[in-house]
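# Results of the structural survey
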Amino acid sequence: LAVKNASIPMLSRTHGQPASPTTVGKEMANVAYRLQRQRDQVARVEYLGKFAGAVGNYNAHLVAYPNADWEQIAKSFVTSFGIGFNPYTTQIEPHDYIAELFSAISRYNVVLLDFDRDVWSYISLGYFKQKTVKGEVGSSTMPHKVNPIDFENSEGNLGVANALADHLGAKLPVSRWQRDLTDSTVLRNMGLVFGYSQLAYASSLQGIGKLEVNEAAIAADIDAAWEVLAEPVQTIMRKCGIEEPYEKLKEFTRGQAVTKEMMVEFAEKLDIPSEEKAKLLNLQPRTYLGNAEKQASEV
């Protein structure tokens, strides 16, 4: 989605209002980068084990074989399973690494949930169309609709997964004194975090597979949003030493339906060097993209 749509201009929205333009691909690249970063943190979590007896001190081990190097034996045994060795434990390995794992998964899921909601909103705006699937019910009462059910299902499952993950992360590192049994029943629910997360990932992927960019709807929005050029205009004004550029542009544009003609008229009246004025007169909302296309192409 990022690379394929890197060059399609799109109106940004901050606080729900028109803002400096971006591209469809750049917004997808933002998500891809965030997900990859969180995925890497999940992969870096070190799984740990112990073999130090009832309270972590090798008490019985040393009574039976006092001359054995039990710490080295335990370390060699635990690491032979391909996991790390925790030398400081009580009756149980304290589960800190499990908390780290579920914290990382939860952050990954939050990024995906953010994506689900954004795509849902873009579908609502008409920026994305959804391919119809033969035999699929779009709405129980309104047959014309194609609801964004995949992203809704993903969002719901991510919520359940993270509710469990957050509880596991907060509960498992806590055990009274050298051990209580509260972790036992909680540990039995670890699989649910992975299960609900997997359902969410599958739903998001299914939804992505149905998306089609509606370039006409996106173009109509951005081509009508000349007010977003107030940002580069006031930036050039400030560069050229004009006093109170922000205030002047705010008075001219705030809350108004700004047209191309109005922006051209404003720029023409500015007492600035001709090369700077030419920059402004050549700008359009769909060309005021910064390096969005480059970022999307390189993700």
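The structure we're discussing is the one just above.
We now turn to the structure provided with this report.

Conventions and cut-offs
Residues numbered from 1 in each chain as written. Predicted model: local features only at pLDDT ≥ 70, side-chain atom pairs only at ≥ 80, totals over all residues. Heavy atoms only, no water. Phe/Tyr/Trp six-rings, centres within 6.5 Å; stacked < 30°, edge-to-face > 60°. Helix = DSSP H or I, 4+ residues; strand = E, 2+ residues; numbered from the N terminus. Buried < 20%, exposed > 50% of the residue type's maximum accessible area, 1.4 Å probe, protein only. Polar contact = N/O pair within 3.5 Å; in protein donor to acceptor, adjacent residues only side chain to side chain. Contact = heavy atoms within 4.5 Å. Pairing = 2+ DSSP bridges. Expected span 1.5 Å × (residues − 1). Core = buried A, V, L, I, M, F, W, Y, C linked by side-chain atoms within 4.5 Å. Axes fitted to C-alpha atoms, helices over the stretch in contact; angles between N-to-C directions. Parallel < 35°, antiparallel > 145°, perpendicular 65-115°, else oblique. Left-handed = near helix turned anticlockwise from the far one by under 90°. Nonpolar A, V, L, I, M, F, W, Y, C, P; charged D, E, K, R; others polar.

## Section: the packing of aromatic side chains
Inspection of every chain in the model, using the stated rule, returns nine aromatic pairs. When the ring of Y47 is compared with that of Y97, the centres are 5.6 Å apart and the planes differ by 40°; the resulting orientation is tilted. Taken together, the residues span a long stretch of sequence, with Y47 in the loop between α1 (24–44) and β3 (48–49) and Y97 in helix α4 (residues 96–125) at a distance of 50 residues. Note on F115 and F151: the rings are 6.2 Å apart at their centroids and 70° apart in plane angle, and the pair reads as edge-to-face. A residue pair is termed long-range when its members are at least 10 positions apart, and F115 in helix α4 and F151 in helix α5 (residues 149–171) qualify at 36 residues. With respect to class, F115 is no different from F151; both count as buried.

## Concerning the side chain of T22
Considering the arrangement of structural elements, one finds T22 in strand β2 (residues 17–23). Here T22 falls in the buried class, since its relative accessible area comes to 5%. Looking at T22, its side chain comes within polar contact range of the side chain of E27, at 2.6 Å. When residues no more than four places from it in sequence are discounted, the contact partners of T22 are I8, P9, M10, S12, E27, L289 and A292.

## Observations regarding the pairing of strand β1 (residues 9–14)
By the bridge criterion, five bridges tie β1 to β2 in an arrangement that is antiparallel. What sits directly across from P9, in β2, is T23. The hairpin turn running from β1 into β2, its antiparallel successor, is two residues long, and H15 in that turn takes a positive phi close to 60°.

## Brief notes about the environment of F266
Positionally, F266 belongs in helix α11 (residues 260–268). The sequence separation of F266 and V299 amounts to 33 residues, and the corresponding C-alpha distance is 38 Å. Once you skip the residues sitting within four places of it in the chain, F266 turns out to touch V233, M237, L249 and F252.

## Regarding α5
Relative to the 33 Å expected for 23 residues at 1.5 Å per residue, α5 spans 33 Å between its end C-alpha atoms, a close match to the ideal helical length. Residues D150, F151, S154, N157, L158, A161, N162, A165, L168 and K171 constitute the buried set of α5.

## What about unusual backbone geometry?
For W177, which is not a glycine, the phi torsion comes out positive at approximately 45°. Turning to its location among the elements, W177 is positioned in the loop between α5 and α6 (182–187). At E244, a position not held by glycine, the phi torsion is positive, near 50°. Turning to its location among the elements, E244 is positioned in the loop between α9 (230–239) and α10 (245–253).

## Things to note about the nonpolar core
Membership of the largest hydrophobic core comes to 29 residues, with the highest contact counts inside it found for F115, V119 and F128. For this core, the secondary structure elements donating two or more residues are β1, α1, α4, α5 and α8 (215–223). By residue number, the principal contributor to this core is α4, which donates eight residues. Apart from residues no more than four positions distant in its own chain, F115 is found in contact with M28, V31, F151 and I208.

## Here we look at the packing of α4 against α5
With their axes 9 Å apart at the nearest point, α4 and α5 run at an angle of 160° to one another. The angle between the axes of α4 and α5 places the two elements in the roughly antiparallel class. The way α4 lies across α5 gives a crossing that is left-handed. Among the residues forming the contact of α4 with α5, the class breakdown is 15 nonpolar, five polar and five charged.

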